[in-house]
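Listed below, chain by chain, are the residues.
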Amino acid sequence: MAPAAMTFASSLSDAQPLSYWLDDPAKPGALPALTGDEHCDLLVVGGGYSGLWTALLAKERNPGRDVVLIEGREVGWAASGRNGGFCAASLTHGFGNGLARWPGDMVKLEELGERNLDAIEAAVERYSIDCDFERTGEIDVATEPHQLEELREMYEEATRLGFTGLELLDQDAVRAEVNSPTFLGGLWDRRGVAMLHPARLAWGLKQACQDLGVRIYENTTGRQLASSGAGMAVRTPYGRVFARHVALGTNVFPSLVKRVRSYTVPVYDYALMTEPLSPEQLSAIGWKRRQGLGDSANQFHYFRITADHRILWGGYDAIYPYGGKVSAEMDHRPETYLKLAEHFFRCFPQLEGLRFSHAWGGAIDTCSRFSAFFGTAHGGKVAYAAGYTGLGVGATRFGADVMLDLLSGEPTERTELEMVRSKPLPFPPEPVAWAGIGLTKWALARADANGGRRNVWLKAMDRLGLGFDS
């Protein structure tokens, strides 16, 4: 191993192979599994953000509704406890993606997204959820010259449509916010993103659900979904749940509605967490306003500073397992950790000598349009939402509202959106999916290295509205 690589590797020598967020004394104990039969008005399958928000909003809408939630492991153990803690107002995986796909609805989508983030902030306060919620915003930073022009074009288009709260930063301005020699400029969304402790948000929602009367069963996997009289039945390892309606918040895990499965594939994403920075190290990077950051490459990094002055650094690699199988073996990838460490010290050379305390990964459900899709099954008795593609911390609450709207059968401003009424293109079967995703990843990396120029393959994908992202 070269000397430089040895230095990067040594920064990882003490890193624990688990999510920093889940390594927390505030983690609640597991609730008992379901044994025997249960009956309810609404069954929610999945104990991540999607399921938790659905159960909570169902009780807020109708306190008398009898709600049961089942979770295959423990609440928040999967993506909801492993993400970067970026809670964005965007429902469309960013302004650019939304504008390209639903230009006629973009004003309404942005308005709904802002209201959704405001509602999350209000719920955190109302239920006294201790999750380090900070409405700091996010800066998209340019690290290559062509990215500066892309950020300027996005700023001008957003301004033309009447969106405020964005600030275009030149090199001096962005480095005054966060000091990295790699930053050439940035676009700061001042209010559209909050930073939070993702696992504590999930645990707080769990407690809020229980306080409102939701019955939660952990270590209870939903194995089979079938019609049962006027309602539905879900079989679990030790029992069954009979419900009038079912909401599926299983996301990256195989849907109980089999025809939905081809719309998503799992992508493994990885992150590092540093030890706490000293006052001198903090002074060297600035970051006094604690914004979230992400670079503007196709293979991008996301990074933020925590309440206890650590830096989370994640992204770049997006690993698709052949066959789309979710496996615990994929949760750790030392070669990616080493790559991330190298990129971290390239971004912040003034932090040489800093060490990483945690290194982890997890699966994200991605779909070909990068943002959630919705639908019903079994004559409207079952609703589902999936495909959040890494931006589910905030958008899952909107998705929960959509599922409840669909189950009610009554049209709303959400169900009238083209985004809600349409589906992404499904992924092809293997080995075509493997080959296509591999070719797309290669083409995206090549575009990053060639001034953002997209080759014939990427241009064809753009015309079809297809993509691959995490």
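Attention in this report is confined to the structure presented alongside it.

Basis of the calculations
- Residues numbered from 1 in each chain as written.
- Predicted model: local features only at pLDDT ≥ 70, side-chain atom pairs only at ≥ 80, totals over all residues.
- Heavy atoms only, no water.
- Helix = DSSP H or I, 4+ residues; strand = E, 2+ residues; numbered from the N terminus.
- Rg over C-alpha atoms; globule rule 2.2 N^0.38 Å.
- Contact = heavy atoms within 4.5 Å.
- Areas by Shrake-Rupley, 256 points an atom, 1.4 Å probe, with all protein chains shown as cover.
- Lys, Arg positive; Asp, Glu negative; His and termini not counted.
- Charge placed at Lys NZ, Arg CZ, Asp CG, Glu CD.
- Phe/Tyr/Trp six-rings, centres within 6.5 Å; stacked < 30°, edge-to-face > 60°.
- Buried < 20%, exposed > 50% of the residue type's maximum accessible area, 1.4 Å probe, protein only.
- Axes fitted to C-alpha atoms, helices over the stretch in contact; angles between N-to-C directions.
- Parallel < 35°, antiparallel > 145°, perpendicular 65-115°, else oblique.
- Left-handed = near helix turned anticlockwise from the far one by under 90°.
- Nonpolar A, V, L, I, M, F, W, Y, C, P; charged D, E, K, R; others polar.

Points about the overall build of the protein chain
Here is step 1: The secondary structure content of the protein chain amounts to 13 helices and 18 strands.
Here is step 2: What you see for the protein chain is a C-alpha radius of gyration of 22 Å, in line with the 23 Å of a compact globule of 470 residues.
Here is step 3: Excluding contacts between residues fewer than 6 apart, the proportion of contacts in the protein chain whose partners are at least 24 apart in sequence is 76%.
Here is step 4: As presented, the protein chain carries roughly 19400 Å² of accessible surface, and 52% of it is formed by carbon and sulfur atoms.
Here is step 5: Once the 48 positive and 57 negative side-chain charges of the protein chain are each reduced to a mean point, those two points are 6 Å apart.

Section: the packing of aromatic side chains
Here is step 1: Counted under the stated rule, the structure contains 22 aromatic pairs.
Here is step 2: Summarising the aromatic geometry, the rings of tyrosine 320 and tryptophan 434 are spaced 6.2 Å apart at their centres and angled 40° between planes, so their arrangement reads as tilted. Of this pair, tyrosine 320 sits in the loop between strand E15 (311-315) and helix H9 (334-347) while tryptophan 434 is found in helix H12 (residues 432-449), placing the two residues 114 residues apart along the sequence.
Here is step 3: Owing to a relative accessible area of 7%, tyrosine 320 belongs among the buried residues under this scheme.
Here is step 4: For tryptophan 434, a relative accessible area of 42% translates into the label partly exposed.
Here is step 5: By way of ring pairs, the aromatic residues Phe8, Phe183, Trp287, Phe303, Trp313, Phe344, Phe345, Phe348 and Phe356 are connected into one cluster.

Digging into the packing of helix H2 (residues 49-61) against helix H10 (residues 392-408)
Here is step 1: Two numbers describe how H2 lies on H10: the axes approach to 8 Å, and their chain directions differ by 50°. Comparing their axes, H10 and H2 come out oblique. Handedness of the crossing formed by H2 with H10: right-handed. Each of Tyr49, Ser50, Trp53, Thr54, Leu57, Ala58 and Arg61 in H2 lies in contact with H10, whose residues at this interface are Gly392, Val393, Thr396, Arg397, Ala400, Asp401, Met403, Leu404 and Asp405.
Here is step 2: Class assignment of the residues belonging to the contact of H2 with H10 gives a composition of 8 nonpolar, 4 polar and 4 charged.

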